[in-house]
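Descriptive analysis of the structure
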Amino acid sequence: MGVLDHYVRAFPTSPRLIPVGFVLVGVGRSPSYTIPMKNFDALSEQEILALAISLEEEDERVYADFAEGLRQDFPASATVFDGMRVEESGHRRRLIELHQQKFGEHIPLVRRQDVRGFVERKPVWLVRPLGLDTVHKTASAMEVETRRFYEKAAARTQDAGIRQLLDDLAQEERTHEDRAQELKAEELGPAVKQDEERARRRLFVLQIVQPALAGLMDGSVSTLAPVFAAAFATRNSWDAFLVGMAASIGAGISMGFAEALSDDGSLTGRGHPWVRGAICGAMTALGGVGHTLPFLIPNFHLALIVASIVVIAELSVITWIRHRYMDTPMISAAMQVALGGALVFVTGVLIGSS
């Protein structure tokens with residue numbers, strides 16, 4: 001039951017008692033309510049200071065989340081964000097001291113989402129695992145937004161002390177990115193950067209390449225037998241297509257669940273299980289669909305030739321991925337993949353021709 005329903009039940013004959021602050025949104029579905037926002041130009045000097053304190057506190061906590069999220073895999077970058085967090089903490093402390101001098105101990109709760117003009121941020125806990133590029137871009141955008149806020153806030157205030165502090169903080173935010181680069185240079189030497197780049201590559205291989213490769217290999221190789229067995233048994237392109245689609249989609253679902261349920265990634269560092277499962281399942285289905293689609297060609301012999309060419313292309317892609325990301329020698333990878341594919345292909349042909 002919604003809030004408005006409670007008021008209607010309590011005051012059935014007095015609908016005017018329903019609070020005017022609630023705005024009903026939507027017709028024919030459950031009611032939702034919009035929260036009014038205030039224009040920045042309508043804020044008082046106390047509200048501007050309160051908003052600045054809230055912004056600095058939020059930035060400080062975001063940098064702390066960045067540092068914690070990067071600490072295991074990128075410890076040097078985590079130290080950089082620890083330093084930025086300390087600077088934001090100093091800004092907040094100076095703002096609180098000025099508010100105490102001007103307006104007393106009570107600080108109104110004014111948040112970014114209460115004021116028009118701020119960019120909506122995605123919570124850090126929803127952006128996992130954290131990537132270095134994403135984190136640095138987000139931090140840069142945060143600094144630009146905060147600097148522009150201080151510049152606009154300083155232009156609006158009449159109190160000399162408040163204006164001075166806001167101007168100082170705007171200048172510090174302007175140089176904050178330079179400070180971040182200094183911290184980065186201090187903490188991230190060439191050897192550390194190489195280590196972090198290797199760590200990033202390792203995570204990419206564990207979380208993306210491995211499940212994708214497993215799915216592609218399974219879909220491309222394991223579906224060869226049923227597809228070509230059906231093709232040679234029926235000599236009908238449409239029948240082979242139906243068998244191939246069933247085998248590919250079924251294998252994709254099976255592999256997706258198997259990968260997702262294999263481990264939760266907490267100890268292996270392989271990332272979210274359902275993300276891995278989705279990648280593995282999709283690539284499994286794709287691997288099987290690739291050499292199934294040619295059987296949409298009505299001419300059976302032409303469809304068979306095109307499907308065979310697609311199989312060679314799929315096995316070549318698998319060979320390249322194994323060489324590029326799994327550090328397998330090209331010749332060794334080619335022989336392994338070709339041998340496995342050939343055995344399954346011959347099995348399908350023999351069964352279908354019997």
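Residues numbered from 1 in each chain as written. Predicted model: local features only at pLDDT ≥ 70, side-chain atom pairs only at ≥ 80, totals over all residues. Heavy atoms only, no water.

A closer look at the pattern of salt bridges
Note the following rule: By definition here, a salt bridge exists when the distance from a side-chain nitrogen of Lys or Arg to a carboxyl oxygen of Asp or Glu is within 4 Å. Only protein chains enter the calculation, and the probe is 1.4 Å; a residue is then buried if its accessible area is under 20% of its type maximum, exposed if over 50%, and partly exposed in between.
One pass over the structure, following the stated rule, counts ten salt bridges. With a shortest N-O distance of 3.2 Å, Glu47 and Lys38 are connected by a salt bridge. Residue Lys38 is classed as partly exposed on the basis of its relative accessible area of 34%. A salt bridge links Glu68 to Arg71; the nearest nitrogen and oxygen atoms lie 3.5 Å apart. A residue is classified by how much of its surface remains accessible, and Glu68, at 52% relative accessible area, is exposed. Relative accessible area serves as the criterion here: at 34%, Arg71 is assigned to the partly exposed category. A cluster of three or more residues bridged by salt bridges with shared partners is formed by Glu68, Arg71 and Asp82.

A closer look at a nonpolar patch on the surface
Applied cut-off: In this scheme, patches are assembled from residues that exceed 30% relative accessible area and form no salt bridge. Like charges are connected within 9 Å, while nonpolar side chains (Val, Leu, Ile, Met, Phe, Trp, Tyr) are connected within 5 Å. The Shrake-Rupley method, run with a 1.4 Å probe, gives the accessible areas here. Residue values count only the displayed protein chains as cover. Only runs of H or I of at least four residues qualify as helices and only runs of E of at least two qualify as strands under DSSP, and these elements are numbered from the N terminus.
Taken together, the side chains of Ile249, Ile253, Phe257, Leu261 and Trp274 define a hydrophobic patch exposed on the protein surface, amounting to about 560 Å² of accessible area. Top contributing element to the nonpolar patch by residue count: helix α8 (residues 237-260), with three residues. Position of Ile249 among the secondary structure elements: in helix α8. We classify Ile249 as partly exposed; its relative accessible area is 44%.

Quick notes on the environment of Gly244
Using the following cut-off: Whether two residues are in contact is decided by their heavy atoms: any pair within 4.5 Å suffices.
Within the secondary structure, Gly244 sits in helix α8. Since its relative accessible area comes to 0%, Gly244 is described here as buried. Each C-alpha atom of the pair Gly244 and Ala225 lies 9.5 Å from the other, and the pair is 19 residues apart in sequence. When neighbours within four sequence positions are excluded, Gly244 is seen to be in contact with Val227 and Thr292.

Notes on the packing of aromatic side chains
The description of two aromatic rings rests on the distance between their centres and on the angle between their planes. For clarity, the cut-off: Two aromatic rings, drawn from Phe, Tyr or Trp (for Trp, its six-membered ring), form a pair once their centres lie within 6.5 Å of each other, and the interplanar angle then sorts them: stacked below 30 degrees, edge-to-face above 60, tilted otherwise. Any Lys NZ or Arg CZ found within 6 Å of a ring centre and within 35 degrees of that ring's normal is scored as a charge over the ring.
Counted according to the given criterion, the structure contains nine aromatic pairs. On the basis of an interplanar angle of 55° and a centroid distance of 5.3 Å, the ring pair of Phe149 and Tyr150 is categorised as tilted. Accessibility assignment for this pair places Phe149 and Tyr150 in one class, buried. Pairing Phe228 with Phe295 gives two aromatic rings, centres 6.0 Å apart and planes at 75°, and the pair type is edge-to-face. On the criterion of sequence distance, the pair formed by Phe228 in helix α7 (residues 224-234) and Phe295 in the loop between α9 (273-290) and α10 (300-325) is long-range, its members being 67 residues apart. The residues Phe228 and Phe295 share a single accessibility class, namely buried. An aromatic cluster of at least three residues, connected via ring pairs, comprises Phe40, Phe149 and Tyr150. Arg156 extends its terminal NZ or CZ atom over the ring of Phe40, reaching a point 5.8 Å from the ring centre.

Considerations on α8
Condition: One less than the residue count of a helix, multiplied by 1.5 Å, gives the span that helix is expected to have. N or O atoms within 3.5 Å of each other form a polar contact, as long as, within protein, one can give a hydrogen and the other can take it, and as long as residues adjacent in sequence are counted only when both atoms are side-chain atoms.
Taking 1.5 Å per residue as the helical rise, α8 with its 24 residues ought to reach 34 Å, and the 34 Å between its terminal C-alpha atoms agrees with that figure. Among all positions of α8, only Ser237, Ala240, Phe241, Gly244, Ser248, Ala251, Gly252, Gly256, Glu259 and Ala260 are buried. N-cap assignment for α8: the residue whose side-chain oxygen lies 2.9 Å from the backbone N of Trp238 is Asn236.

Regarding the nonpolar core
Just so we agree on the cut-off: The term nonpolar core refers to a set of buried residues drawn from Ala, Val, Leu, Ile, Met, Phe, Trp, Tyr and Cys, joined through side-chain atoms within 4.5 Å.
If you look at the biggest cluster of nonpolar residues, it comprises 23 residues, and the most contacted ones within it are Phe228, Phe295, Leu304, Leu315 and Ile318. The set of elements that each furnish at least two residues to this core consists of α6 (190-222), α7, α8, α10 and α11 (330-353). By residue number, the principal contributor to this core is α10, which donates eight residues. Aside from chain neighbours lying at most four places away, what touches Phe228 is Phe295, Leu304, Ala307, Ser308, Val311, Phe345 and Gly348. Residues Val115, Ala154, Ile162 and Leu166 belong to the second largest nonpolar core, which totals 22 residues.

Digging into the confidence of the model for the protein
To keep it simple, the criterion reads: What pLDDT expresses is the predictor's confidence in each residue, scored from 0 to 100.
With 76% of its residues at a pLDDT of at least 70, the protein reaches an overall mean of 78. Confidence over residues 1-33 falls short of pLDDT 50; this stretch has 25 contacts with residues more than four positions distant or in other chains.

Section: the side chain of Thr157
Positionally, Thr157 belongs in the loop between α4 (132-156) and α5 (160-187). According to the relative accessible area criterion, Thr157 is buried, its value standing at 0%. Excluding anything up to four places from it in sequence, Thr157 contacts Glu45, Ile48, Ile162, Arg163 and Leu166.

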